[in-house]
Amino acid sequence: MVERDVMEFDVVIVGAGPAGLACSIHLQDLCARHNEKAAEGEPKLEPEILVLEKGKEVGAHIFSGAVLDPSGIQELMPDWKEQGAPIEAPVSSDATYMFKEGSSKKLPFQPKVLKNEGKYVISLNKFVRWMAEKAEEKGVNVFAPLAAKELLREGEIVKGVRLADAGVDKEGNPKSNFEPGADVIGKVTVLAEGSRGSLTKSLVADLNLEGRNPQVYATGVKEVWEVPKDQVEAGQVIHMMGWPHEKDVFGGGWIYGMGDGFDGGRLVSIGWVTGLDAKRPWSDPHRYFQLSKTHPLVQKIIAGGKMLDYGAKSLPEGGLFAMPKGYGEGFLLIGDSGGYLNGMKLKGIHLAIRSGMLAAQAIFEGLLDAAKKGEEITVLSAGHTKRMHDLFEKDWSYHELRLARNFHQGFEKGRTFGLLNAGFAMYFGGKGFLWSDGLSNKASHEYMQKLPSDGKPDLPKLPGLGEITFDKVEDVYVSGTKHEEDQPCHLVITNPDLCVTRCTEEYGNPCQHFCPAAVYEMVDKEGGGEKLLLNPSNCVHCKTCDIADPYQIIDWTVPEAGGGPGYRLL
Ligand code: SF4
């Protein structure tokens, strides 16, 4: 038995990303506006709000270049620009290319959903750091690094979170610097922990919160480069589809021209997204990305440049019908944790911010209702948290997601069908080619097929290693990823025997391929045969393994606070 400190707050928000920070900012604004106008005798609200961030600082786990649809931030903070929101550049041009190996074709027109006029290229890393400053100015407690390890629950009621212990050795024994993680109690716990969050995963499974479709994911792998200025404009937006993906693989890439670099050049965000519903067990998001950089169009942009940072993250691509039920006794799910991402528009930040605002409105009304009745509540009831769901169904964010509800599912029949389906959906209220109100999908890992009888094909070596392309270890090195080495492995494999028996034979150990950080390696075992070697210190917290493992025996759990990538202000 370990004695733990107990910290009490009104609102506990797990994750200092755009959703969690927007929730804290909007709740403070709503309370301030209410308190200013409150008539005499009317209760005032001054909730204690805590935002927990597991990275070593806010932004450490949030990587750089993105195109911001300003609709979310505009509502959260109408004077966001005057308040100094960091913008790399307004979007200056837009183009989409279909790639074939060695050649490309520019689409003669930009599809409506990919038009980025009026939007902004930002560094999300800088943006969340700025949002955290704004939240703190309003009195929100933003604490980093503090990692929420497990939910404190009584049956279906969420009462807060338990923080990860510090100073535990590999075998699970306390070291001299052992510090038990505190129990953080809240009237409402808002999970904004990103895509495939570990707390969200357990809650969704235990309380059967899964949506009509299971969530389906993709993994985005990206690098920031500094390149000569005449090779890309600030605000230039390029999207790519096709090669090196095979026709049945979902995804595509981007190039975003950012602000000035450190050496007189231009920063540019380059990346590639690969569906985790890929059929080939050797599907490798990092490899596809590296190959995409060898395409002449991309090479021209990065020639003579220098790679500065690397990162990866999973993305919830399932859309409206894959969103879990996002509320219950004492909890709300927002941002990527709640599935707020528009895959058709390739955007999620505005929806993350909006979901945080809707959660804040529901919490505000719940706390005010209790205060007016003179009730001392310990948990915000499902009746109150459901308000977020009701608000969402009437909101523009719902209508936007409804128009994209069949987007990802259309790609189950291949790229050509997926694109036709998306084009059709744009003009027919989201119904898509099959004129369906809601196409279904399986969970990502269920799409993986077993190895063909002649085994995995020999994949050609990546060309240009060290100049244009990098292996996973080189990339992880620049991401600044670090973990305390002497701690229990945060990647829990619940049936390790299966890895070297069935998995080797049936799938060829796909974890070696889909992990973009070389965490999983099959190595020779003394006495013959192979064993699985884990390098958990390399983990960039993308959660791909937890999602894509075909047997679902990998559990990504939260390591000691402060571990993980150390993404920089790029
Ligand atoms: Fe991503 Fe899992 Fe690899 Fe970590 S171990 S980098 S979460 S795939």
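J.: Whenever I open this one, the domain arrangement of the protein chain confuses me. Can you help?
T.: Many structure descriptions define interface size as the accessible area lost when the parts assemble. Taken domain by domain, the protein chain consists of domain 1 (6–66 + 129–211 + 323–403), domain 2 (87–122 + 214–316), domain 3 (408–438) and domain 4 (466–556). One C-alpha centre belongs to domain 3, the other to domain 4; they are set 35 Å apart.

J.: For this particular structure, what's the right way to read the pattern of salt bridges?
T.: A side chain of one charge can pair with a side chain of the opposite charge when the charged atoms of the two come close. If you walk through the whole model with that rule in mind, you get 32 salt bridges. Between Asp260 and Lys229 there is a salt bridge; the shortest N-O distance is 3.0 Å. Taken as a pair, Asp260 in strand S16 (residues 251–260) and Lys229 in the loop between strand S14 (217–227) and strand S15 (236–242) lie far apart in primary sequence, 31 residues in all. A salt bridge links Asp437 to Arg402, with the shortest nitrogen-to-oxygen separation between them at 2.8 Å.

J.: I tried to follow helix H3 (residues 124–137) on my own but got confused; where do I start?
T.: For the α-helix, the turn length of 3.6 residues means that residues three or four positions removed from each other point alike. Across its 14 residues, H3 extends 20 Å between first and last C-alpha, which sits within 8% of the 20 Å expected from 1.5 Å per residue. Most of H3 sits out of view: 10 of its 14 residues are buried. Those residues of H3 lying buried are Leu124, Asn125, Phe127, Val128, Arg129, Trp130, Met131, Ala132, Lys134 and Ala135. Tucked into the core, H3 has its buried residues touching helix H1 (18–37), strand S3 (65–68), helix H2 (71–76), strand S7 (120–123), strand S8 (141–143) and helix H7 (349–373). Trailing H3 by a residue or two, Gly139 shows a phi angle of about 95 degrees, which is positive.

J.: What exactly am I supposed to notice about the site of the ligand here?
T.: What surrounds the ligand is a group of 13 residues, the closest being Cys515, Cys539, Cys542, Lys543 and Cys545. Taken together, the residues of the shell around the ligand sort by class into 11 nonpolar, one polar and one charged.

J.: Could you clarify how one ought to interpret the sheet that holds S7 in this entry?
T.: Note on sheets: strands pair through backbone hydrogen bonds, and any given pair is parallel or antiparallel. The antiparallel open sheet is built from three strands, whose spatial order is S3-S7-S4. Strands at the two margins of the open sheet, each flanked by one partner only, are S3 and strand S4 (89–90). Direction of pairing for S3 relative to S7: antiparallel, over a ladder of four bridges. Looking at S7, one finds that Ala66 is bridged to Ile122. Contacts between H3 and the sheet are confined to S3 and S7, with S7 contributing the most and set at about 75 degrees to the helix.

J.: Got a minute to help me understand the packing of aromatic side chains in this structure?
T.: For any pair of aromatic rings, the description consists of the separation of the ring centres together with the inter-plane angle of the planes. Under the defined criterion, the tally for this structure stands at 13 aromatic pairs. Ring plane angle 75 degrees and centroid distance 6.1 Å describe the contact between Phe250 and Phe407, whose orientation is recorded as edge-to-face. A residue pair is termed long-range when its members are at least 10 positions apart, and Phe250 in the loop between S15 and S16 and Phe407 in helix H10 (residues 407–410) qualify at 157 residues. As far as the burial class goes, Phe250 and Phe407 line up, both buried. Judged by its relative accessible area of 11%, Phe407 is buried. The lysine or arginine in question, Lys325, covers the ring of Tyr327, its NZ or CZ lying 4.9 Å from the ring centre. Residue placement shows Lys442 over the ring face of Tyr447; its charged tip is 4.8 Å from the ring centre.

J.: Sorry if this is basic, but what is going on with the packing of H1 against H3 here?
T.: Any two packed helices are characterised by how steeply their axes cross, that is the angle between the axes, and by the distance between the axes. In contact at an axis separation of 9 Å, H1 and H3 are set at 20 degrees when each is read in the N-to-C sense. Between H1 and H3, the angle falls in the class roughly parallel. In the packing of H1 onto H3, the handedness of the crossing is left-handed. Contacts between H1 and H3 involve Pro18, Leu21, Ala22, Ser24 and Ile25 from the former and Leu124, Val128, Met131, Ala132, Lys134 and Ala135 from the latter. In the contact of H1 with H3, the residues fall into nine nonpolar, one polar and one charged.

J.: Before we go on, may I ask you to explain the sheet that holds S16 in this structure?
T.: With respect to topology, seven strands assemble into an open sheet ordered S6-S5-S15-S16-S17-S14-S18, the strand pairing being mixed. On the outer flanks of this sheet lie strand S6 (103–106) and strand S18 (306–316), each paired with one strand and no other. In this sheet, neighbouring strand axes are inclined to one another by 20 degrees on average, regardless of whether the strands run parallel or antiparallel. Pairing of S15 with S16, which is carried by four bridges, proceeds in the antiparallel orientation. If you follow His239 over to S16, its bridge partner there is Trp254.

J.: Hey, could you run me through helix H4 (residues 198–206) in this one?
T.: Taken residue by residue, H4 has Ser198, Leu199, Thr200, Leu203 and Val204 as its buried positions. Residues of H4 that are buried make contact with strand S1 (6–14), strand S9 (148–154), strand S10 (157–163), strand S13 (183–191), strand S20 (331–333) and strand S24 (554–556). Looking one or two residues beyond H4, the residue adopting positive phi is Asn208, at roughly 50 degrees.

J.: How do you make sense of the side chain of Arg266 when you look at a structure like this?
T.: Among the secondary structure elements, Arg266 is positioned in strand S17 (residues 266–275). Look at Arg266 and you get buried, because its relative accessible area is 11%. Among the polar contacts made by the side chain of Arg266, one reaches the side chain of Asp260 at a distance of 3.4 Å. For Arg266, the contacting residues outside a window of four places in its chain are Trp225, Glu226, Val227, Lys229, Val232, Glu233, Ala234, Gly257, Met258, Gly259, Asp260 and Gly261.

J.: Is there a simple way to think about the pairing of strand S12 (residues 174–179) in this case?
T.: The two faces of a sheet get side chains in turn, since along a regular strand they alternate between them. The buried count for S12 comes to zero of six residues, which makes it a mostly uncovered element. With two bridges joining them, strand S11 (residues 166–168) and S12 adopt antiparallel strand pairing. Paired with Val168 across the bridge in S12 is Pro174. Between S11 and the antiparallel strand that follows it, S12, lie five residues; Gly172 among them carries a positive phi value of about 90 degrees.

J.: Whenever I open this one, unusual backbone geometry confuses me. Can you help?
T.: Note: most residues except glycine have negative phi, and most peptide bonds are trans. Following Ala144, the chain continues into Pro145 via a peptide bond in cis, with omega recorded as -5 degrees. Tracing the sequence through the fold places Pro145 in the loop between S8 and S9. Phi is positive for Lys543, which is not a glycine, with a value near 75 degrees. For Lys543, the position within the fold is in the loop between strand S23 (530–534) and helix H15 (544–548). What makes Lys543 buried here is its relative accessible area of 4%.

Rules and cut-offs
Residues numbered from 1 in each chain as written. Predicted model: local features only at pLDDT ≥ 70, side-chain atom pairs only at ≥ 80, totals over all residues. Heavy atoms only, no water. Domains from an automatic or database assignment. Salt bridge = Lys/Arg side-chain N within 4 Å of Asp/Glu carboxyl O. Helix = DSSP H or I, 4+ residues; strand = E, 2+ residues; numbered from the N terminus. Expected span 1.5 Å × (residues − 1). Buried < 20%, exposed > 50% of the residue type's maximum accessible area, 1.4 Å probe, protein only. Contact = heavy atoms within 4.5 Å. Near = heavy atom within 4 Å. Nonpolar A, V, L, I, M, F, W, Y, C, P; charged D, E, K, R; others polar. Pairing = 2+ DSSP bridges. Axes fitted to C-alpha atoms, helices over the stretch in contact; angles between N-to-C directions. Phe/Tyr/Trp six-rings, centres within 6.5 Å; stacked < 30°, edge-to-face > 60°. Lys NZ or Arg CZ within 6 Å of the ring centre and 35° of its normal. Parallel < 35°, antiparallel > 145°, perpendicular 65-115°, else oblique. Left-handed = near helix turned anticlockwise from the far one by under 90°. Polar contact = N/O pair within 3.5 Å; in protein donor to acceptor, adjacent residues only side chain to side chain.

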